[in-house]
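Overview (structure and organization)
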Amino acid sequence: MAAAHRVAAIAVSGSPGRRDVLQNLAAVTGCCNTGGMERQEVPGASGLLSEVAAAEAELRAAADRDRGGDGAGVAAGDELAAYFDEVVGADQKIEPRDWMPEAYRKGLVRQIAQHAHSEIIGMQPEGNWLSRAPSLARKAILLAKVQDEAGHGLYLYAAAETLGVSRAELFDKLLSGRQKYSSIFNYPTLTWADVGAIGWLVDGAAIVNQVPLCRCSYGPYARAMIRICKEESFHQRQGFDLLYTLARGTDEQRAMAQDAVDRWWYPSLAMFGPPDAESTHSTQSMAWKIKRFSNDELRQKFVDMTAQQAEVLGLNLPDEALGYDQPSGHWRYTQPDFGELMRVISGDGPCNRQRIEHRRRAHDDGAWVRDSAAAYAAKQRTRKAAA
Amino acid sequence: MTVENGQSTVDSQDWPLWEVFVRPRRGLAHSHVGSLHASDAELAVRNARDLYTRRQEGVSIWVVPAAAITASSPDEKDAFFEPAGDKVYRHPTFYPVPEGVEHL
Ligand SMILES: [Fe+2]
Ligand SMILES: [Fe+2]
């Protein structure tokens with residue numbers, strides 16, 4: 001669509017009331033369940049949530065501030081570029097109709113699309129257990145979580161569309177393999193405990209990755225991320241809660257929880273991408289304030305947070321080298337197998353083909369619904385025009 | 001895509017884009033929360049409910065075809081809003097208030 005010229009984009013509603021509701025929800029977690037399960041505080045998670053709130057407050061504050069210069073008479077190319085740099089430099093947001101460098105636009109489309117695809121494909125591993133959840137409460141929680149992921153995908157496709165691409169085009173690139181999604185979703189969910197491990201580790205890693213994106217220089221992306229991060233915290237907590245319960249169950253349940261953590265730990269570490277030395281897109285992304293921390297910094301942050309949480313869970317992280325380093329205040333850990341990451345990204349993971357096939361089938365199976373709705377809308381329009 | 005004129009063809013990929021506004025609580029204004037695709041207004045409202053109010057974020061929803069919105073151009077922003085720039089006397093703080101005056 002010709003709609004880099006779209007007015008609007010994802011916004012975070014300005015009402016304090018709504019924010020309260022979301023924060024309270026996040027604080028209580030799983031308030032929708034039918035009770036009976038112990039609530040556990042996840043160490044470190046409340047800190048992340050307050051970072052999201054801080055990013056939101058900053059977004060508002062930046063909007064109230066004036067940009068550095070007066071920006072008067074922006075017309076010629078150089079001045080547009082200078083104005084763009086000024087806005088980004090002042091931690092202001094770039095909006096859909098503002099001028100932006102073509103590489104900034106392209107890089108954002110690639111990143112947001114890949115992010116959106118990950119949310120949508122990410123519904124599959126957990127969706128696998130919806131029909132076999134061990135209780136109605138767990139089923140309701142998992143259903144809500146998977147629905148959230150669909151919502152995240154849609155917020156992000158909408159944010160990408162503000163950059164002048166169409167959602168259909170992005171779907172097409174996903175299905176034809178020209179755009180990627182997070183490698184983590186190419187691993188299978190073998191037991192119910194995997195649902196817990198995904199919530200705790202995969203959503204946990206996603207949050208660490210995504211919280212800094214709440215401060216991204218592109219307004220629609222930043223606002224979508226604020227919305228998403230608030231919802232993600234429930235995802236992580238329900239996973240933690242699930243594992244905590246299993247870890248205190250029968251020997252078999254405990255073993256199942258441990259096995260799930262063993263299998264998901266290193267793929268979760270790999271979610272932060274290749275080590276900084278081999279990372280290709282980083283420098284420019286940082287200058288444009290799309291990315292704010294390096295892959296290795298974020299990975300370390302995740303390990304620091306998670307190592308402590310594993311102790312509370314009473315489960316082991318499968319890393320003999322794991323240990324707290326007093327002088328640095330960080331945990332030492334073993335790096336994931338980046339060769340494996342590259343193989344899985346390039347199509348050779350356990351479930352790559354299955355994931356895309358499933359996505360294609362779901363898309364094709366839904367065609368008649370979309371066509372019927374469109375035909376109905378066309379008929380109504382014709383009727384209205386005739387009347 | 002053909003969304004500019006707000007018409008969709010039967011090709012569902014061309015479902016028009018709708019901008020979504022939510023009133024968080026009674027007494028507050030509707031504010032823009034995002035956008036979505038839907039074949040018609042009725043489905044747009046339903047989709048908006050599922051997408052933007054999964055946690056009771058609103059008591060009322062508006063959907064507007066994105067193509068129906070006319071916006072001021074960001075390129076002419078400064079000139080466009082310039083007339084208000086030199087009228088500081090429209091703000092009460094422009095006027096000095098002598099010491100001792102109350103209720104002004
Ligand atoms: Fe998500
Ligand atoms: Fe999630």
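Only a predicted model underlies this, so the values are computations on that prediction, with no experimental measurement involved. (Residues numbered from 1 in each chain as written. Chains lettered and ligands numbered in written order. Predicted model: local features only at pLDDT ≥ 70, side-chain atom pairs only at ≥ 80, totals over all residues. Heavy atoms only, no water.)

Focus: the overall build of chain B
Scanning chain B from N- to C-terminus turns up two helices and three strands. Ordered by position from the N terminus, the helices and strands of chain B form the series β-β-α-β-α. Looking at chain B as a whole, 32% of its 104 residues qualify as buried. Here the contacts in chain B between residues at least 6 apart in sequence split such that 38% fall between residues at least 24 apart. Total accessible area on chain B is roughly 6700 Å²; 56% of this is exposed by carbon and sulfur atoms. (Helix = DSSP H or I, 4+ residues; strand = E, 2+ residues; numbered from the N terminus. Buried < 20%, exposed > 50% of the residue type's maximum accessible area, 1.4 Å probe, protein only. Contact = heavy atoms within 4.5 Å. Areas by Shrake-Rupley, 256 points an atom, 1.4 Å probe, with all protein chains shown as cover.)

Considerations on the packing of helix H8 (residues 193-210) of chain A against helix H9 (residues 219-247) of chain A
Residues and elements named next belong to chain A. Their axes nearest at 7 Å, the elements H8 and H9 cross at an angle of 145°. By crossing handedness, the relation of H8 to H9 is classed as left-handed. In terms of residue class, the contact of H8 with H9 is made up of 12 nonpolar, nine polar and two charged. (Axes fitted to C-alpha atoms, helices over the stretch in contact; angles between N-to-C directions. Left-handed = near helix turned anticlockwise from the far one by under 90°. Nonpolar A, V, L, I, M, F, W, Y, C, P; charged D, E, K, R; others polar.)

Section: the coordination of the iron ion (ligand 1)
Residues and elements named next belong to chain A. At 2.0 to 2.2 Å from the iron ion (ligand 1) lie its protein donor atoms, namely Glu119 (OE), Glu149 (OE), His152 (ND1) and Glu232 (OE). Mapped onto the sequence, the donors of the iron ion (ligand 1) take the spacing E-x29-E-x2-H-x79-E. Here the iron ion (ligand 2) and the iron ion (ligand 1) are spaced 3.3 Å from one another, each receiving a donor from glutamate 149. Taken together, the residues histidine 152 in helix H6 (residues 136-161) and glutamate 232 in helix H9 connect sequence positions 80 residues apart. Overall, the relative accessible area of 2% leaves glutamate 232 in the buried class. (Donors = N, O, S within 2.8 Å, 3.2 Å for Na, K, Ca; no water.)

Thoughts on the confidence of the model for chain B
All names here are of chain B. On average, chain B scores 85 in pLDDT, and the residues at 70 or more come to 86%. When the criterion is pLDDT under 50, residues 1-12 qualifies, and its contacts beyond four places in sequence or with other chains add up to 32 contacts. Interface scoring of the predicted complex returns ipTM 0.79; its pTM is 0.83. (pLDDT = per-residue confidence, 0-100.)

What to know about the state of the cysteines
Scanning the model with the defined rule gives zero disulfides over all chains in all. Cys216(A) carries a free sulfur, and the closest cysteine sulfur to it, the one in Cys214(A), is 9.7 Å from it. (Disulfide = S-S within 2.5 Å.)

Some details on the packing of H8(A) against helix H12 (residues 295-313) of chain A
When two helices pack together, their arrangement is captured by the angle between the axes and the distance separating the axes. Residue and element names in this part refer to chain A. With their axes 10 Å apart at the nearest point, H8 and H12 run at an angle of 145° to one another. With respect to the hand of their crossing, H8 and H12 are arranged in right-handed fashion. Judged by residue contacts, Trp200, Leu201, Gly204, Ala205, Val208 and Asn209 of H8 engage Leu298, Lys301, Phe302, Met305, Thr306, Gln309, Ala310 and Leu313 from H12. For the contact of H8 with H12, a count of residues per class yields nine nonpolar, four polar and one charged.

Remarks on the coordination of the iron ion (ligand 2)
Residue and element names in this part refer to chain A. Bound to the iron ion (ligand 2) are the protein donor atoms Glu149 (OE), Asp203 (OD), Glu232 (OE), Glu232 (OE) and His235 (ND1), situated 2.0 to 2.8 Å from the metal. Ordering the donors of the iron ion (ligand 2) by residue number gives the pattern E-x53-D-x28-E-x2-H. You can call histidine 235 buried: its relative accessible area is 0%.

Points about helix H10 (residues 251-270) of chain A
All names here are of chain A. In this model, H10 (20 residues) spans 30 Å end to end at C-alpha, consistent with the 28 Å of a helix rising 1.5 Å per residue. Residues of H10 that are buried: Ala257, Gln258, Ala260, Val261, Trp264, Trp265, Pro267, Ser268, Leu269 and Ala270. On the buried face of H10, the contacting elements are H8, H9, H12 and helix H13 (338-348). (Expected span 1.5 Å × (residues − 1).)

Structural notes on the nonpolar core
Residues Tyr104(A), Trp200(A), Tyr218(A), Tyr221(A), Trp264(A) and Leu36(B) are the most contacted members of the largest nonpolar core, which totals 101 residues. Ranked by residues supplied to this core, first place goes to H9(A) with 13 residues. When neighbours within four sequence positions are excluded, Trp200(A) is seen to be in contact with Gln236(A), Gly239(A), Phe240(A), Leu243(A), Val261(A), Thr306(A), Gln309(A), Ala310(A), Leu313(A) and Leu317(A). (Core = buried A, V, L, I, M, F, W, Y, C linked by side-chain atoms within 4.5 Å.)

Details of the packing of aromatic side chains
Under the definition given, this model contains 15 aromatic pairs over all chains. Relative to Trp288(A), the ring of Tyr104(A) lies with its centre 5.5 Å away and its plane at 90°, an arrangement referred to as edge-to-face. Of this pair, Tyr104(A) sits in helix H4 (residues 102-121) while Trp288(A) is found in the loop between helix H11 (282-287) and H12, placing the two residues 184 residues apart along the sequence. Ring plane angle 90° and centroid distance 4.9 Å describe the contact between Phe94(B) and Tyr95(B), whose orientation is recorded as edge-to-face. With a relative accessible area of 43%, Phe94(B) lands in the partly exposed category. Given the relative accessible area of 44%, Tyr95(B) is considered partly exposed. These aromatic residues form a ring-pair network of at least three members: Phe84(A), Trp99(A), Tyr104(A) and Trp288(A). Sitting above the plane of the Trp129(A) ring, Arg132(A) keeps its charged end 4.2 Å from the centroid. Over the ring of Tyr155(A) we find Arg227(A); its NZ or CZ atom is 5.4 Å from the centre of that ring. (Phe/Tyr/Trp six-rings, centres within 6.5 Å; stacked < 30°, edge-to-face > 60°. Lys NZ or Arg CZ within 6 Å of the ring centre and 35° of its normal.)

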